2 protein chains.
Amino acid sequence: MMPFSYVSHLYCPKCKKTYGTNEKHQLCECGSPLLVAYNLDALRKDLKPEIIANREPNLWRYHELLPVENPEHIVSLGEGMTPLVPMPRLGKDMDIEQLYMKDEGIIPTGTFKARGAAVGISKAKELGVKKLAMPTNGNAGAAWSLYAARAGIQVTVVMPVDAPAITRNECAIAGAELYLVNGLISDAGAIVSKAIQERNMYDASTLKEPYRIEGKKTMGLEIAEQFSWELPDVILYPTGGGVGLIGIYKALKELQALGWVQGKMPRLVAVQAQNCAPIVKAWNEKKQVSEFWPNSSTVAFGINVPKALGDFLVLDALYKTDGCAIAVEDDAIIHEQRNVARLEGAFICPEGAAAFVAARRLRERGWIRKGERVVVLNTGIGLKYTHTVDIEVPILQPGDHLPERRDYS
Amino acid sequence: MMPFSYVSHLYCPKCKKTYGTNEKHQLCECGSPLLVAYNLDALRKDLKPEIIANREPNLWRYHELLPVENPEHIVSLGEGMTPLVPMPRLGKDMDIEQLYMKDEGIIPTGTFKARGAAVGISKAKELGVKKLAMPTNGNAGAAWSLYAARAGIQVTVVMPVDAPAITRNECAIAGAELYLVNGLISDAGAIVSKAIQERNMYDASTLKEPYRIEGKKTMGLEIAEQFSWELPDVILYPTGGGVGLIGIYKALKELQALGWVQGKMPRLVAVQAQNCAPIVKAWNEKKQVSEFWPNSSTVAFGINVPKALGDFLVLDALYKTDGCAIAVEDDAIIHEQRNVARLEGAFICPEGAAAFVAARRLRERGWIRKGERVVVLNTGIGLKYTHTVDIEVPILQPGDHLPERRDYS
């Protein structure tokens with residue numbers, strides 16, 4: 001009988017040391033994040049994509065490529081198989097005929113963080129974790145708090161005071177122990193690190209546990225399946241911690257190893273904000289790691305990450321796929337968010353809007369070529385960001401007539 | 001070749017007059033809403049559920065049972081096939097072993113209103129509509145504004161000042177002409193009615209155009225398909241305008257006519273708020289229509305509808321299925337919203353929480369029997385409601401240690 005998961009072991013991408021998946025691990029002894037390996041040779045023989053096609057439309061359809069070994073440990077709210085939405089009018093506007101949005105707003109908790117939380121929490125449950133802690137820019141903390149509640153796991157979350165306010169509600173209603181910090185996610189991270197030691201909790205910080213990335217990976221698996229296993233030319237990803245980009249790259253490599261996709265890898269693009277662009281700086285300087293970006297700020301709060309633990313993996317994916325890194329300004333982000341709503345009817349988050357700005361710029365520069373198939377990741381629903389839309393609405397009294405039509409041109 | 005849609009005509013459920021589906025219609029001459037009829041006899045011969053199983057996971061998988069005749073007119077953001085989530089821990093808490101949530105928060109715009117908007121706007125586009133107007137309690141206006149933007153249709157929206165604030169952002173960013181009214185949706189409706197006349201717009205008010213209900217209907221189709229065409233025993237629905245309940249009932253009748261489902265209809269339950277319960281009052285008094293409910297108010301703003309145009313259709317569905325109507329209090333709603341998050345990890349809207357309260361009450365009374373399979377409609381994501389969660393979060397400084405663990409019991 002086929003195993004539910006073809007997970008094999010954990011390995012360190014830096015020093016190559018390996019670890020088992022049946023006990024709790026965080027970072028490698030050498031300080032690097034750990035990655036999950038699968039028995040792809042066996043899976044290549046056992047599984048065909050046609051079998052996947054008949055499964056439920058959520059990310060657990062790829063369970064052989066996920067680390068949870070016993071289906072009873074799955075903690076799911078139905079996440080995954082988000083829409084891949086054609087964007088013909090916006091595409092015409094930016095001269096990219098085949099423009100698609102992978103809409104990660106259409107998922108429990110309203111952001112792609114649900115994927116990491118679903119798989120991360122499920123594996124934590126399988127490993128017997130009872131208490132975990134993490135710093136967050138808001139959305140990951142919200143997602144982990146809610147999935148942990150479903151699993152009966154206690155969560156401690158520390159987030160910057162400037163994180164989207166609604167994510168506080170999500171953590172609080174889920175029963176998480178929540179703190180704000182007068183600072184950035186790096187400051188939250190330092191507080192969590194101390195608490196982990198003091199209280200002996202599982203550390204669910206980005207890439208300090210190896211399974212979140214496996215959840216994020218499913219974005220890449222879904223994009224491939226939704227294009228009938230023919231890969232697009234370019235994938236643009238708003239990059240803070242960069243786990244999604246690392247995950248998509250890992251997914252595509254695994255699909256290549258399985259023989260489910262052929263040909264050239266999509267060129268991966270890391271999109272950052274002008275005032276928080278450590279990956280872009282490193283890429284411009286052809287470096288393998290990034291430096292801490294001081295005094296970072298951006299309206300796209302989810303990508304306000306001054307130094308990512310997985311920076312070297314992000315940069316590696318960019319170099320290996322002939323991708324690039326690009327920074328965009330906040331005012332362009334706000335303008336593009338409006339554009340996407342007016343032309344395509346999607347109220348996206350500023351991080352997603354940043355990636356659309358990047359697509360526009362890269363087409364202008366000719367880096368994206370005429371006729372190429374381009375996928376932009378919208379990482380969350382616009383509902384989470386109440387302050388990115390300026391509105392002034394007339395108030396009428398019962399019985400009033402409408403005033404003359406206002407001009408919105 | 002099979003037609004894309006098996007739509008036949010419009011008919012009046014009151015006076016039985018019929019109309020065509022190739023020209024614009026609003027209400028029947030007699031003042032009743034119009035319903036859509038299909039060639040079910042032909043469809044019964046032409047289509048089997050197994051064919052549907054292989055289609056994309058969105059509501060257009062049921063296109064034969066939808067009114068859009070040319071697929072080019074479809075305006076879609078990938079809506080539908082929302083998760084049917086088992087709720088084992090909450091179910092245990094309320095002694096309903098087989099409790100499920102149909103989670104309509106996992107859909108573009110974050111509420112079930114996306115279904116009505118997708119199908120309503122698609123059909124409006126097919127009929128050549130260029131401008132439409134509607135009153136709204138927020139979420140429908142947001143959904144119609146966004147889908148209309150995608151279709152290139154102009155929208156005018158009037159909503160109460162107390163409607164969820166984020167829905168203003170959605171309308172505004174989509175480019176809708178937006179007004180607030182110091183009153184209720186009934187006051188907004190009166191203003192829109194005058195504007196419709198003055199400006200010759202298409203009236204997209206609830207049930208004043210016949211196609212929104214067809215979109216809502218797909219909730220019923222999906223529930224049936226997700227249970228492998230075996231219907232549950234009870235479906236609870238938070239009821240304002242009641243279109244979703246009417247739609248679910250219509251869907252199940254159509255599935256019966258197709259022979260895709262057998263046996264007894266689920267008992268349909270209309271859930272209202274204690275301070276806005278016109279349907280409940282009518283049902284208690286065994287009446288066929290409801291009366292205007294004065295001075296209505298509830299935290300579940302989406303069901304603050306003092307008089308629904310389709311009340312007679314809602315009541316008919318309750319009587320025909322041996323269902324019932326029940327009102328719940330605001331404090332119970334807020335408490336249940338928290339319960340659902342803590343036990344199941346879902347941050348639902350207060351309207352959905354109202355329906356869970358109703359399930360609990362009906363089980364206590366024995367109306368829901370031991371072992372019955374129960375589906376609660378959560379009509380939207382909790383993110384839209386920032387004020388239903390009380391939070392007070394400690395603020396730390398960079399470098400701080402966490403204080404002692406707070407007690408959340």
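For the structure given in this document, a descriptive report is provided here. (Residues numbered from 1 in each chain as written. Chains lettered and ligands numbered in written order. Predicted model: local features only at pLDDT ≥ 70, side-chain atom pairs only at ≥ 80, totals over all residues. Heavy atoms only, no water.)

We now examine the environment of B:E72. Residues and elements named next belong to chain B. Inspection of the secondary structure assignment puts E72 in the loop between helix 2 (49-53) and strand 4 (84-86). Since its relative accessible area comes to 66%, E72 is described here as exposed. Counting along the chain gives 249 residues from E72 to T321, while the straight-line C-alpha distance between them is 37 Å. (Helix = DSSP H or I, 4+ residues; strand = E, 2+ residues; numbered from the N terminus. Buried < 20%, exposed > 50% of the residue type's maximum accessible area, 1.4 Å probe, protein only.)

To continue, consider the relation of the copies chain B and chain A. Between chain B and chain A, the superposition needs a rotation of 180 degrees and an axial shift of 0.0 Å, giving an RMSD of 0.0 Å. Within this description, the copies of the chain are treated as partners about a two-fold rotation axis. Residues of chain B ranked by C-alpha distance from the rotation axis are headed by B:I106, positioned 2.6 Å from it. (Least-squares fit on C-alpha atoms with pLDDT ≥ 70 in both.)

Bringing the nonpolar core into the picture now. Judged by nonpolar contacts, the single largest core of 131 residues is most densely connected at B:L236 and B:F356. With nine residues, helix 9 (residues 243-258) of chain A is the largest single contributor of residues to this core. For B:L236, the contacting residues outside a window of four places in its chain are B:V269, B:V271, B:A355, B:A358, B:A359, B:L362, B:V374, B:V375, B:V376 and B:L377. If you look at the next biggest cluster of nonpolar residues, it comprises 130 residues, including A:I96, B:Y62, B:A270 and B:L313. (Core = buried A, V, L, I, M, F, W, Y, C linked by side-chain atoms within 4.5 Å. Contact = heavy atoms within 4.5 Å.)

Okay, the interface of chain B and chain A next. Contacts between the two partners involve 77 residues from chain B and, on the opposite side, 77 residues from chain A. Counting across the interface, chain B meets chain A through two salt bridges. If you look at where chain B meets chain A, you find 30 residue pairs in polar contact (both at pLDDT 80 or more). Residues that form the side of chain B that touches chain A fall into these classes: 43 nonpolar, 17 polar and 17 charged. Pairing between strand 14 (residues 395-396) of chain A and strand 8 (residues 177-181) of chain B: two bridges, direction parallel. Paired with A:L396 across the two strands is B:V181, which belongs to strand 8 of chain B. (Salt bridge = Lys/Arg side-chain N within 4 Å of Asp/Glu carboxyl O. Polar contact = N/O pair within 3.5 Å; in protein donor to acceptor, adjacent residues only side chain to side chain. Nonpolar A, V, L, I, M, F, W, Y, C, P; charged D, E, K, R; others polar. Pairing = 2+ DSSP bridges.)

Ordered by their spatial adjacency, five strands build an open sheet running 9(A)-6(A)-7(A)-8(A)-14(B), and the pairing between neighbours is parallel. Two strands bound the open sheet, and with one partner strand each, they are strand 9 (202-203) of chain A together with strand 14 (395-396) of chain B. Bridge count between strand 7 (residues 154-160) of chain A and strand 8 (residues 177-181) of chain A: five bridges; the pairing is parallel. Looking across to strand 8 of chain A, one finds that A:V157 is bridged to A:L178.

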